[in-house]
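# Analysis of the macromolecular model
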Amino acid sequence: MQTDTPEHHDFTPLPHHTGRRTHYQMLGVARDADEVEVKKAFYKLSRKWHPDKNPGHEAASETVFKAVKLSYDVLAEPAKRRKYDAKLQMGAHLKAAYR
């Protein structure tokens, strides 16, 4: 049985810059999530992954914590979010063109 204690977290780094996860996926929210949902998801994840809450796994949890913080910084500010959404849309068009 797996619990939500620090000993059972998956400390595999989740790099946001590799293209494996979008900022939306990193926070676990939909693309149409409003500011309240984004903030709520950020607070939940930042508490879970804060290095002080994960003794013995500080380096791994810091990596995830920083990725969560970056995702929040982008999605919480409307201008940054619009730019990011435009880049996601452009990437989707390019992927479709090369299939």
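Residues numbered from 1 in each chain as written. Predicted model: local features only at pLDDT ≥ 70, side-chain atom pairs only at ≥ 80, totals over all residues. Heavy atoms only, no water.

Counted under the stated rule, the structure contains 4 salt bridges. One salt bridge in this structure joins K69 and D73, with 2.6 Å as the shortest N-O distance. One end of the pair, K69, and the other, D73, are both in helix 3 (residues 58-76), 4 residues apart, so they sit about a helical turn from each other. In this structure, the salt-bridge partner of E77 is K80, at a minimum N-O distance of 3.9 Å. (Salt bridge = Lys/Arg side-chain N within 4 Å of Asp/Glu carboxyl O. Helix = DSSP H or I, 4+ residues; strand = E, 2+ residues; numbered from the N terminus.)

Residue placement: V74 occurs in helix 3. For V74, a relative accessible area of 14% corresponds to the buried category. For the pair V74 and Y24, spaced 50 residues apart in the sequence, the C-alpha separation amounts to 9.8 Å. If we ignore the near neighbours within four places in the chain, the residues touching V74 are H23, K80, R81 and Y84. (Buried < 20%, exposed > 50% of the residue type's maximum accessible area, 1.4 Å probe, protein only. Contact = heavy atoms within 4.5 Å.)

Attention now goes to the packing of helix 2 (residues 35-49) against helix 3. Taken N-terminus to C-terminus, the directions of helix 2 and helix 3 make an angle of 165°; their axes are 9 Å apart at the nearest point. Classified by the interaxial angle, the pair formed by helix 2 and helix 3 is roughly antiparallel. Here helix 2 runs over helix 3; the crossing is left-handed. Along the contact surface, helix 2 presents V38, K39, F42, L45, S46 and W49, while helix 3 presents S61, V64, F65, V68, K69, Y72 and L75. Broken down by class, the residue content of the contact of helix 2 with helix 3 amounts to 9 nonpolar, 2 polar and 2 charged. (Axes fitted to C-alpha atoms, helices over the stretch in contact; angles between N-to-C directions. Parallel < 35°, antiparallel > 145°, perpendicular 65-115°, else oblique. Left-handed = near helix turned anticlockwise from the far one by under 90°. Nonpolar A, V, L, I, M, F, W, Y, C, P; charged D, E, K, R; others polar.)

So, on to the environment of H23. Structurally, H23 is set in helix 1 (residues 23-27). Taking relative accessible area as the criterion, H23 reaches 8% and is therefore assigned buried. The sequence separation of H23 and R81 amounts to 58 residues, and the corresponding C-alpha distance is 9.7 Å.

Before going further, it helps to examine the packing of aromatic side chains. With the rule as written, the count across this model stands at 3 aromatic pairs. Between the aromatic rings of F42 and Y43, the centroid separation amounts to 5.6 Å while the plane-to-plane angle is 45°, which identifies the pairing as tilted. With a centroid separation of 4.2 Å and 15° between ring planes, the pair formed by F42 and Y72 is classed as stacked. Of this pair, F42 sits in helix 2 while Y72 sits in helix 3, placing them 30 residues apart in sequence. (Phe/Tyr/Trp six-rings, centres within 6.5 Å; stacked < 30°, edge-to-face > 60°.)

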